Amino acid sequence: NKIITDTTFPVAKGTVLTVTCDFGYLLSGSNEVTCDNTNSYSYTSEPTCVPQGNLVDVTRGQHDPWDPNSGDLIITTDSMAGSDEMVLVWFRNENNEWAGAVGIYFSSTPKYLIGYCPPWLIFPANLPSTVNKMWRISYNQQTQNFKIYCNVLSVNELKLCLP
């Protein structure tokens, strides 16, 4: 279970705790629990944490299929601005040919790249200051626009550049 609280333990019997979920998870059920004793809590509806979106574990360097028309791509990062770390998601067409990419570069001022659209561009919106970030990349087939979200905040929308 990925339930977390900011409360410092131990606490007295009857203490009401506010609970949330770890990064990348959504809370289902009560967001408050009452301590009944050392190992027991009561609640209105059992709090549980469920993955946000269609989270898939991927391995660096692996080819993990994602069809932009089937739903959003969720990426979690723990990179800080200035770390010079990078996330690149390469797109391939049905013939397994390179068809573009989405990139996030954690330079001193974080930047992004979509498709064949060089150079790296600075995000037009301020990114959340938290280290852990959840990126959601959605694609609108009708407009052919990609939209990038960071921790729910929409940070840009643009058309995929093709060669």
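Residues numbered from 1 in each chain as written. Predicted model: local features only at pLDDT ≥ 70, side-chain atom pairs only at ≥ 80, totals over all residues. Heavy atoms only, no water.

Student: How do you make sense of the sheet that holds strand β11 (residues 111-114) when you look at a structure like this?
Tutor: Note: strands within a sheet are paired through backbone hydrogen bonds, in either parallel or antiparallel orientation. With respect to topology, four strands assemble into an open sheet ordered β9-β10-β11-β12, the strand pairing being antiparallel. Two strands in the sheet have a free side with no partner beyond their single neighbour: β9 (86-92) and β12 (121-122). Taken together, the two bridges between β11 and β12 define a ladder with antiparallel strand orientation. Bridge pairing in β12 places Tyr 112 opposite Leu 121. (Pairing = 2+ DSSP bridges. Helix = DSSP H or I, 4+ residues; strand = E, 2+ residues; numbered from the N terminus.)

Student: What is the right way to look at a nonpolar patch on the surface in this model?
Tutor: Residues Met 86, Leu 88, Trp 90 and Trp 98 make up a contiguous nonpolar surface patch of about 400 Å² in total accessible area. Among the elements that make up the nonpolar patch, the one with the highest residue count is β9 (three residues). Residue placement: Met 86 occurs in strand β9. (Patch = residues over 30% accessible without salt bridge, like charges linked within 9 Å, V, L, I, M, F, W, Y side chains within 5 Å. Areas by Shrake-Rupley, 256 points an atom, 1.4 Å probe, with all protein chains shown as cover. Salt bridge = Lys/Arg side-chain N within 4 Å of Asp/Glu carboxyl O.)

Student: Even after reading the chapter, I still don't get the pairing of strand β8 (residues 73-77), so can you show me in this structure?
Tutor: The side chains of a regular strand alternate, first on one face of the sheet and then on the other. Extensive coverage of β8 is indicated by the burial of four of its five residues. Strand direction decides the pairing type here: β8 and strand β13 (residues 133-140), joined by five bridges, are antiparallel. When the sheet's bridge partners are listed, Thr 76 is paired in β13 with Met 134. (Buried < 20%, exposed > 50% of the residue type's maximum accessible area, 1.4 Å probe, protein only.)

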